[in-house]
Amino acid sequence: MLTEDWMMRQTEALARSIARLVFRKDATDYVPTGAEEDREIDRLHRALLEKTAAGDIGGAEDLLYDRADGTDLRCLEVAVDFYSRLNGLTDGELEAGGFARDEIGDGLRNLAARFGVALEL
């Protein structure tokens, strides 16, 4: 229990740090704009939410990694949202989706590094 709490706090701190430093915002959520130029990134965000809700967390992460080529920072913003949402799930919910709590922080750090953002807490 203490390890889980510590890992959750570390992941949340990492997500908030990226949101503040890269996007100059306090919240870690991605808010779809509905603008034509954001159609693809909004679609990615929606697909991640749907896959996660269906219990396909690994599939959602695979989709995110396939899309994140390190050039579109909006994809990093979606990644911060995705991992923050995963961080709010229970260990049981994560395990049911084939995911472990330690994969959340690792995934966020690895994806951020693709965009040249390297933060360690």
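*Asks:* Any chance you could explain the overall build of the protein here in plain terms?
*Replies:* A count of helices and strands for the protein gives 6 helices and 0 strands. Relative to the globule expectation of 14 Å for 121 residues, the C-alpha radius of gyration of the protein, 14 Å, shows essentially globular dimensions. A principal-axis box enclosing the C-alpha atoms of the protein has dimensions of 45 × 30 × 20 Å. A total of 121 residues make up the protein; the buried ones form 39% of that total. Long-range pairs, those at least 24 residues apart, make up 66% of the contacts in the protein with a sequence separation of at least 6. Computing the positive centroid from 15 side-chain charges and the negative centroid from 26, the protein places the two 4 Å apart.

*Asks:* Which parts of the structure should I look at to understand the nonpolar core?
*Replies:* Among the nonpolar cores identified, the biggest contains 30 residues, and Ile-18, Leu-64, Leu-76, Tyr-83 and Leu-86 are the most heavily contacted of them. Among the secondary structure elements, those contributing two or more residues to this core are helix H1 (2–23), helix H2 (39–53), helix H3 (57–67), helix H4 (73–87) and helix H6 (101–114). Per-element tally for this core: the top contributor is H4, with 8 residues. Discounting residues that sit within four places of it in the chain, Tyr-83 has contacts with Glu-61, Leu-64, Tyr-65, Glu-103, Ile-104, Gly-107, Leu-108 and Leu-111.

*Asks:* Hey, could you run me through unusual backbone geometry in this one?
*Replies:* Where the residue is not glycine, phi is negative for most of them; where a peptide bond is considered, it is trans in most cases. Residue Arg-24 is not a glycine yet carries a positive backbone phi of 55°. Assignment of secondary structure puts Arg-24 in the loop between H1 and H2.

*Asks:* I would appreciate a short explanation of the packing of H2 against H3 in the present structure.
*Replies:* Geometrically, a packed helix pair is captured by the angle between its two axes and the distance between the axes. Contact geometry for H2 and H3: axes closest at 7 Å, N-to-C directions at 160°. Between H2 and H3, the interaxial angle falls into the category roughly antiparallel. Here the hand of the crossing between H2 and H3 comes out left-handed. Counted together, Glu-40, Ile-41, Leu-44, Ala-47, Leu-48, Lys-51 and Thr-52 of H2 and Ile-57, Gly-59, Ala-60, Leu-63, Leu-64 and Arg-67 of H3 form the full contact between these two elements.

Rules behind the numbers
- Residues numbered from 1 in each chain as written.
- Predicted model: local features only at pLDDT ≥ 70, side-chain atom pairs only at ≥ 80, totals over all residues.
- Heavy atoms only, no water.
- Helix = DSSP H or I, 4+ residues; strand = E, 2+ residues; numbered from the N terminus.
- Rg over C-alpha atoms; globule rule 2.2 N^0.38 Å.
- Buried < 20%, exposed > 50% of the residue type's maximum accessible area, 1.4 Å probe, protein only.
- Contact = heavy atoms within 4.5 Å.
- Lys, Arg positive; Asp, Glu negative; His and termini not counted.
- Charge placed at Lys NZ, Arg CZ, Asp CG, Glu CD.
- Core = buried A, V, L, I, M, F, W, Y, C linked by side-chain atoms within 4.5 Å.
- Axes fitted to C-alpha atoms, helices over the stretch in contact; angles between N-to-C directions.
- Parallel < 35°, antiparallel > 145°, perpendicular 65-115°, else oblique.
- Left-handed = near helix turned anticlockwise from the far one by under 90°.

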